[in-house]
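Structure assessment
One-letter residues, chain by chain:
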Amino acid sequence: MRNFSVKVKITVWLTLLMALLAALLLAFTISISNAVASKSAKSQLSTVVRDNIAQVHMVQNRLDLGEEFDFYRNGVSTLVYSKNESLLAGRLPVSAFEKEAFQNGGMRMVSTQEEQYFVLDIWVPNGWESGVWLRGFIEAPGRFQTTRDLLFVSLVALPVFLALAALGSYRISKRAFRPLNSIIATAEAVNEAKDLSRRIGLPVGKDEFSRLAGTFDQLFERLERSFEAEQQFTADASHELRTPVSIIKGACEYARKYDETPEERQETISMIYRQTLKMYGIISQLLSMMRLDQGTEPLRKEPVNLGQFLNALCVDPAYDQKRLTLDVSEDMTALVYPELLSRLMRNLVENAFKYGKPGGHVWVSAYREKDEILLQVRDDGIGICADQQDKIWQRFYQVDSSRSGEGGVGLGLAMVRQIAKLHGGYMTLSSIPDAGSSFTFHLPAEQDDIN
Ligand code: ADP
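Residues numbered from 1 in each chain as written. Predicted model: local features only at pLDDT ≥ 70, side-chain atom pairs only at ≥ 80, totals over all residues. Heavy atoms only, no water.

Here the focus is the site of the ligand. Taken together, 21 residues are adjacent to the ligand, and Asn351, Tyr355, Gln398, Gly410 and Leu413 come closest. In the model, an oxygen atom of the ligand is placed 3.1 Å from a nitrogen or oxygen of the Val399 main chain. At 3.2 Å from an oxygen atom of the ligand is found a main-chain nitrogen or oxygen belonging to Gly412. When isolated, the ligand has an accessible area of 530 Å², and the protein chains bury 97% of it. The site holding the ligand turns out to be the largest pocket. Looking at the shell around the ligand, the elements that each hand over two or more residues are α6 (338–354), α7 (412–422) and β15 (436–444). Top contributing element to the shell around the ligand by residue count: α6, with 3 residues. A breakdown of the residues in the shell around the ligand according to their chemical character gives 11 nonpolar, 8 polar and 2 charged. (Near = heavy atom within 4 Å. Polar contact = N/O pair within 3.5 Å; in protein donor to acceptor, adjacent residues only side chain to side chain. Areas by Shrake-Rupley, 256 points an atom, 1.4 Å probe, with all protein chains shown as cover. 1 Å grid on protein atoms, 1.4 Å probe; cavity = no way out; pocket = protein on both sides within 12 Å on 5 of 7 lines; lining within 4 Å. Sits in = over half its atoms within 2 Å of the grid points. Helix = DSSP H or I, 4+ residues; strand = E, 2+ residues; numbered from the N terminus. Nonpolar A, V, L, I, M, F, W, Y, C, P; charged D, E, K, R; others polar.)

Set out below in structure tokens:
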């Protein structure tokens, strides 16, 4: 049984249960129907014989039967016997009764070779001395007849009934288990074919299978995201780390081969240090982007007063305060991931300084527009020409890497966009070369603004 499917097990179990139930019902019906048939035969016998009593008259010691005397009615035969038990009227079909002693009022069963009868004798007196016996009898419902009939019907009907029950329960359980089959098929396809994009896609419902399918789909989603993030990380890291690693390798080989002057050695060490910083920047940014992609970074949204939040961010001594203006038009509170929002804003502010004109200015502002809260960082720097504006959001894209400074690897804006997306928002950019750029984070106010 262990090797059979659940459907077969349920079908066998239900069919056996049905068979047991049918057998019990059959036994019960047989016993009831026997009892009922016997009772009804006895009551017929009693009624007919007692009705006949009224029709028995003795006229000058001669028997006179009324017109309504029934020798045979409803299966009951009535005989009239004299006091000395000789048959006066009626036909005795069964010779066995000849020897049957009379018992007044006693209903009993008399068996012959072929049949069984209920017999009832009534003494009908006529004065003190004389009288006649009335003997009624009816064929007892064959004890085995009903049973035989029922068994016969059951033997024909029961297999059909059980076959129908088995078929029905198999079909119902097959239908009920269909979602499970599609869950298994998808899980197997994901596992065997490594096709992580497959989904079960059952309609949303409250039953166990829909919930299981939904949970599996979420699991596949996470698996796919995590797999893609890992692939992206491996591809990005191996691609981007190649250059600094080969520069360091070349510098080391040169230093080993040739005697370098102390100044040259110092220069080599500085160069190795710069490349190491670059690699460190790449790895830590990639790791944190991968964690965001995978959803493994522990994050919690919190209500944040945007004025206070931006103020704390802007007073950082790393920023030249004389060149930075903060403008928050109204008191706004929004549900955000504070750590991520801080990363987003810092990236934008640092870029604004990095790509600004010498002595240029940076403006940070927050304001509400329709159903959005806009957080904006604007500068009057070098700007970005139109054909580059889409590209700067890509990983590792830099318009001019010589301006990016140490640690700048072209991942900042990719992360900014990722964080905006995690908040359910998006980024826009408007920029004019040599006039300045303005980066805006659009945060949906409807769900996140708790004011
Ligand atoms: P990184 O600054 O490390 O190079 P980012 O992803 O932050 O990488 O930026 C990508 C590119 O977009 C930068 O290399 C730069 O060319 C351009 N960029 C970003 N911010 C500005 C800005 N405020 N003004 C002009 N160019 C910018």
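So, next bit.
Right, let's talk about the packing of helix α3 (residues 208–257) against helix α4 (residues 262–294) for a bit. It is the contact of α3 with α4, at a shortest axis distance of 9 Å, that shows an interaxial angle of 180°. Viewed along their axes, α3 and α4 adopt a mutual orientation that is roughly antiparallel. Classifying every residue of the contact of α3 with α4 gives 19 nonpolar, 5 polar and 7 charged. (Axes fitted to C-alpha atoms, helices over the stretch in contact; angles between N-to-C directions. Parallel < 35°, antiparallel > 145°, perpendicular 65-115°, else oblique.)

In this section: α4. When the terminal C-alpha atoms of α4 are compared, their 47 Å separation across 33 residues agrees well with the 48 Å that a helix rising 1.5 Å per residue should span. On its buried side, α4 packs onto α3, α6 and α7. Gly295, located one to two residues past α4, shows a positive phi value of around 75°. (Expected span 1.5 Å × (residues − 1). Contact = heavy atoms within 4.5 Å.)

Moving on, we come to the pattern of salt bridges. Counting across every chain of the model gives 13 salt bridges. For Arg199, the salt bridge identified is with Glu224, shortest N-O distance 2.6 Å. With a gap of 25 residues between them, Arg199 in the loop between α2 (143–193) and α3 and Glu224 in helix α3 connect regions that are remote in the sequence. The class of Arg199 is partly exposed, set by a relative accessible area of 26%. Glu224 sits in the buried class, given a relative accessible area of 18%. Between Arg346 and Asp316 there is a salt bridge whose closest N-O contact spans 2.9 Å. Linking Arg346 in helix α6 with Asp316 in the loop between α5 (306–314) and β10 (324–328), this pair joins segments that are 30 residues apart in sequence. (Salt bridge = Lys/Arg side-chain N within 4 Å of Asp/Glu carboxyl O. Buried < 20%, exposed > 50% of the residue type's maximum accessible area, 1.4 Å probe, protein only.)

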